[in-house]
Structure formats: C-alpha cells, structure tokens
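A look at the structure
The residues making up each chain are set out below.
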Amino acid sequence: MSRIDRYAVIGHPVEHSRSPDIHALFAEQTNQALVYDRLPAPRDGFVDVARSFFAEGGRGLNVTLPFKEQAAALADRLTARAERAGAVNTLMSTPDGLVGDNTDGAGLIADLTGRLGIDPVGLHVLILGAGGAVRGVVPSLIAAGVAHVTIANRTRDKAEAIAAACDEAGTVAATTLAAAPHDADLVINAISAGLAGEMPALDTDVLARARGVYDMIYSDTETPFLHWARLHGRPGVNGVDGFGMLVEQAAESFQLWRGIRPDTATVIARLRQPQDTL
Ligand code: ATR
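These numbers were taken from a predicted model, which means no experiment stands behind them.

Let's talk about the environment of Ala152
The residue Ala152 is located in strand S8 (residues 148–153) in this model. On the accessibility criterion, Ala152 (0% relative accessible area) is buried. Once residues within four sequence positions are removed from consideration, Ala152 is found in contact with Leu126, Ile127, Leu128, Gly129, Thr175, Thr176, Leu177 and Ala180.

Written out as structure tokens, the structure reads:
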C-alpha cells in the first residue's frame, strides 16, 4: 500500500473535473504530500467504487454528480450542514468510519463575499433552478443571513420540496420561472441547461433590482446566463460564474482533510483568467 495519502474526485462523468488541478496547487502551496486523482464510477457503481477506494487506504473523496445523495447514505456520520443539505460532496476516512460533509454552500458564500463583493446579509436572493446543487446551498444562504430566498423552477414541485425541507420562519419561497419575482437583490442561476448554451425564456424584469448575478455553472467563456444578464441587467451589475465556488468548496474540503486552509485567490488566478466584471 502506498504511504502517500490518497484523495480523489468520484463522479460520472469525471474526466473533465478541475478538482485534481485545484488540489495539486493547494498541496504545493501548503507543502502537503498527497496525491489527488480522478475516480470514474459507472452510474450504478458508486458504492462499490467508493468502498474499494477507502478499503485500499484512500483518505478522502470529493463527490460530484450524480452521486451526492448516495454519498450521504454511504457515510457513517454526517456533519450538520451535510445533514441539512441531504447531500455530501466530501467524504473523509476516520478511525470511527466515514464522515460526510457538504462544502458547496460554504464555497458559494465565500465566493459571493469574496469575488462578487456582495454581503448576503439582509438580501432577497432569487435562485433559478431547483436541482441537487440548490438543495446544497439554500441552508448556507440562510445561515449567512439572507432575508429571503425565492426558488423559481420550471417544475414548481421541486422548488416546493426544497423550500419545505429547509424553510426557517418563512424565509424560503417557491415559484415557477414564469412567476419569478422582480425585486431580488441577487440572482443566482442553477439551471443546468445553461451548460448547453441556451437560457430558458425568462422575463428580463427578474434582473430589475439585482446588484449582482451569479452563475453556479462555470465556463472558460462567458456563460449564457451571464451573457443574458449583461444584456438585460442594470448597468454595471457585477457577475461571476461558479469557478470561484468550485475552488472555495475545494478549499473547505482540503481544510477538513488536512487541517490547513489554502489561499484560494492565487489558485483561481493561476487556473483561469479572471472574468469578474460584466
Ligand atoms: P444540479 O444538481 O446541477 O442542480 P439537476 O439536479 O439535474 O442538476 O437540476 C437541473 C436544474 O435545471 C433543474 O432545476 C431543472 O429544472 P426541472 O426541475 O424542471 O427539471 C433545470 N433545467 C434543466 N433544463 C432546463 C430547461 N431547458 N429549462 C428550464 N429549466 C431547466
């Protein structure tokens, strides 16, 4: 068995994951001896592949689509934020078994306050989409002090289910994309269709009051949502894509595993040209 500590990102697909590059830079920066690989798993093979990895001495896994809920079921113990999210993106081997954490929400908050320069306290946040990614971040937005979250989704039931699961004192509302409110201070896109280059038809008035826009999708070129927001949002509205969130959630995972907080700004700068201002 190799003496060097082994980590990996598991997913389907996982070939294009940037996590190995990010963690290699974190390890270099903090002088940690570790290896971090891509670990592909068949769609129906998450549990077997993850169990083998840990049985062979692996120390930690990042978990990406479509396995985050299965990872929560596999863990022997969940952190409070993973419990609230119902999904796990970080697994850690401990003497007492597998610990499951969810660092996605903390990654989003760090990026909103850092790269986007928006303090979430007291804001009305509109989230477009209601997939697994949204379920992971809504509890963190509430914990960060937002006044109100509206989840607008093509399928209203899915938005309702997330709101019901994490509503605290009426903070979270659910609606359809067509009925999305026009008074949000911050609009966050989590509609995965944005990846393919198309934005669903949306009333541009949802941007009327937005001081900031955030796309949880990331791309080497401007994402369709950020392009749409640049054309239809308030003049000078700030927007960033989800690459910073990816690096920030990775830093949270790294800290959990290694007990050291890496510097994210230098890693973001090294891995891409900044696209911070629309
Ligand atoms: P993730 O885990 O990344 O959030 P997901 O769970 O597959 O991915 O969720 C995808 C989200 O994009 C959902 O909110 C989905 O809407 P539905 O719940 O109605 O399926 C949304 N989405 C995907 N394609 C869409 C499209 N063409 N128009 C509007 N919403 C779309």
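The discussion continues.
Some thoughts on the site of the ligand
Taken together, 16 residues lie near the ligand, and Ala130, Asn153, Arg154, Thr155 and Lys158 sit nearest. With respect to the ligand, the backbone of Ala130 contributes an N or O atom lying 2.8 Å from an oxygen atom. One nitrogen or oxygen atom from the side chain of Lys158 is found 2.8 Å from an oxygen atom belonging to the ligand. Relative to its unbound accessible surface of 650 Å², the ligand loses 73% to contact with the protein. For the shell around the ligand, the class distribution of residues is eight nonpolar, six polar and two charged.

Some details on helix H10 (residues 264–271)
Restricting attention to buried positions, one finds in H10 the residues Thr264, Val267, Ile268 and Leu271. For H10, the buried positions fall inside an angular range of 100 degrees around the axis, keeping them on one side. Facing away from the buried side of H10, by more than 90 degrees, are the exposed residues Ala265 and Arg270. The inward-facing, buried residues of H10 abut helix H1 (19–30) and helix H9 (243–258).

Procedures and definitions
- Residues numbered from 1 in each chain as written.
- Predicted model: local features only at pLDDT ≥ 70, side-chain atom pairs only at ≥ 80, totals over all residues.
- Heavy atoms only, no water.
- Helix = DSSP H or I, 4+ residues; strand = E, 2+ residues; numbered from the N terminus.
- Buried < 20%, exposed > 50% of the residue type's maximum accessible area, 1.4 Å probe, protein only.
- Contact = heavy atoms within 4.5 Å.
- Near = heavy atom within 4 Å.
- Polar contact = N/O pair within 3.5 Å; in protein donor to acceptor, adjacent residues only side chain to side chain.
- Areas by Shrake-Rupley, 256 points an atom, 1.4 Å probe, with all protein chains shown as cover.
- Nonpolar A, V, L, I, M, F, W, Y, C, P; charged D, E, K, R; others polar.
- Arc of directions from axis to C-beta.

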